[in-house]
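Here are the chains, one letter per residue:
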Amino acid sequence: MTELADFGAQMTRIAGEMRKQSDDTETAVRAMTKYAVDAIPGAEYASVTLVSGGVIETPVIVGDLGGEADDLQRRLGEGPCIRAAIDDVTVWIDDLHTDERWPRFAAAAADIGIRSMACFFLYMDGDDFGALNLHSTRPHAFTSEARLLGELFAAHAATAFGAIQEKQQLRAALSSRDIIGQAKGMIMERYKLDANEAFALLARLSQDTNTKLVDVAAQIVVAGPETS
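Calculation criteria
- Residues numbered from 1 in each chain as written.
- Predicted model: local features only at pLDDT ≥ 70, side-chain atom pairs only at ≥ 80, totals over all residues.
- Heavy atoms only, no water.
- Salt bridge = Lys/Arg side-chain N within 4 Å of Asp/Glu carboxyl O.
- Helix = DSSP H or I, 4+ residues; strand = E, 2+ residues; numbered from the N terminus.
- Buried < 20%, exposed > 50% of the residue type's maximum accessible area, 1.4 Å probe, protein only.
- Expected span 1.5 Å × (residues − 1).
- Contact = heavy atoms within 4.5 Å.
- Phe/Tyr/Trp six-rings, centres within 6.5 Å; stacked < 30°, edge-to-face > 60°.

- The chain goes by GAF and ANTAR domain-containing protein in an unreviewed UniProt entry, where it is assigned to Gordonia amicalis.

Here it is, written out as structure tokens:
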């Protein structure tokens, strides 16, 4: 229990650092995944599986076998990483030679040298799902304690990951507001309109061209005041 408490305290510190320092979600997830391999007993390789609109992606890989395992699941359409992501569960496989839940994946993964896995639900955002996956070339590599550490790690990592996404979304929103404000100012000056009329014109252009409002505004800003 002391080790779990120490691990939890360390994860809290790391999650805080990720929130403060990272401006890039991919960089944060990569650092998180690398730390998981270093910190969780039994882990030799790792990957992050993202499922978005039915499309399976692997943006982060630690070690070649982690990526190969995700490639197999992508081709076969089955496997523990997908299950952990979509169903919000922890999935572990003690020995791929004997596991019967995903027979095609188990056989193929065992052939490339993977013997045991632990997959942890990471996050869900609308129709997007994520899982953190650990791999080992040894059977029964992940003890019950390693699984508890993995679940604790995934929970902290998901919190940090969500905070980073919120920060990026806020920055994007502020940037969009600034661009729209610039475009409004240019339209007001060019056509002698007030703020409400300028915004209404932007909205009409967005609707008529089936283009996002911020993209219409960006086009006006790039074009300059003479062509707005």
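Some details on the pattern of salt bridges
Phase 1 of the analysis: Tallying each qualifying case throughout the model produces eight salt bridges.
Phase 2 of the analysis: In this structure, R147 and D94 form a salt bridge, with 2.7 Å as the shortest nitrogen-oxygen distance. In this pair, R147 sits in helix α6 (residues 144-191) while D94 sits in the loop between β3 (91-93) and α5 (103-111), placing the two residues 53 residues apart along the sequence.
Phase 3 of the analysis: On the accessibility criterion, R147 (14% relative accessible area) is buried.
Phase 4 of the analysis: Measuring nitrogen to oxygen at the nearest pair gives 2.9 Å for the salt bridge that ties D95 to R115. Of this pair, D95 sits in the loop between β3 and α5 while R115 is found in the loop between α5 and β4 (116-125), placing the two residues 20 residues apart along the sequence.

So, helix α3 (residues 64-76)
Phase 1 of the analysis: With 13 residues, α3 extends 18 Å from end C-alpha to end C-alpha; this agrees with the ideal 18 Å at 1.5 Å per step.
Phase 2 of the analysis: Looking only at α3, the buried set comprises L65, G66, G67, A69, D70, L72 and Q73.
Phase 3 of the analysis: Each element contacted by the buried residues of α3 is listed here: β1 (45-52), β2 (55-62), α4 (80-87), α5 and β5 (128-136).
Phase 4 of the analysis: Where α3 terminates, the next one or two residues include G77, which has phi positive at roughly 70 degrees.

A closer look at the packing of aromatic side chains
The description of two aromatic rings rests on the distance between their centres and on the angle between their planes.
Phase 1 of the analysis: This structure, assessed with the given rule, holds one aromatic pair.
Phase 2 of the analysis: Summarising the aromatic geometry, the rings of Y35 and F153 are spaced 5.8 Å apart at their centres and angled 20 degrees between planes, so their arrangement reads as stacked. Residue Y35 is found in helix α2 (residues 25-39), and its partner F153 is found in helix α6; the two are separated by 118 residues along the sequence. For the pair formed by Y35 and F153, the shared burial category is buried.

Some words on the environment of L96
Phase 1 of the analysis: Of note, L96 is situated in the loop between β3 and α5.
Phase 2 of the analysis: Separated by 14 residues in the primary sequence, L96 and A110 have C-alpha atoms spaced 5.8 Å apart.

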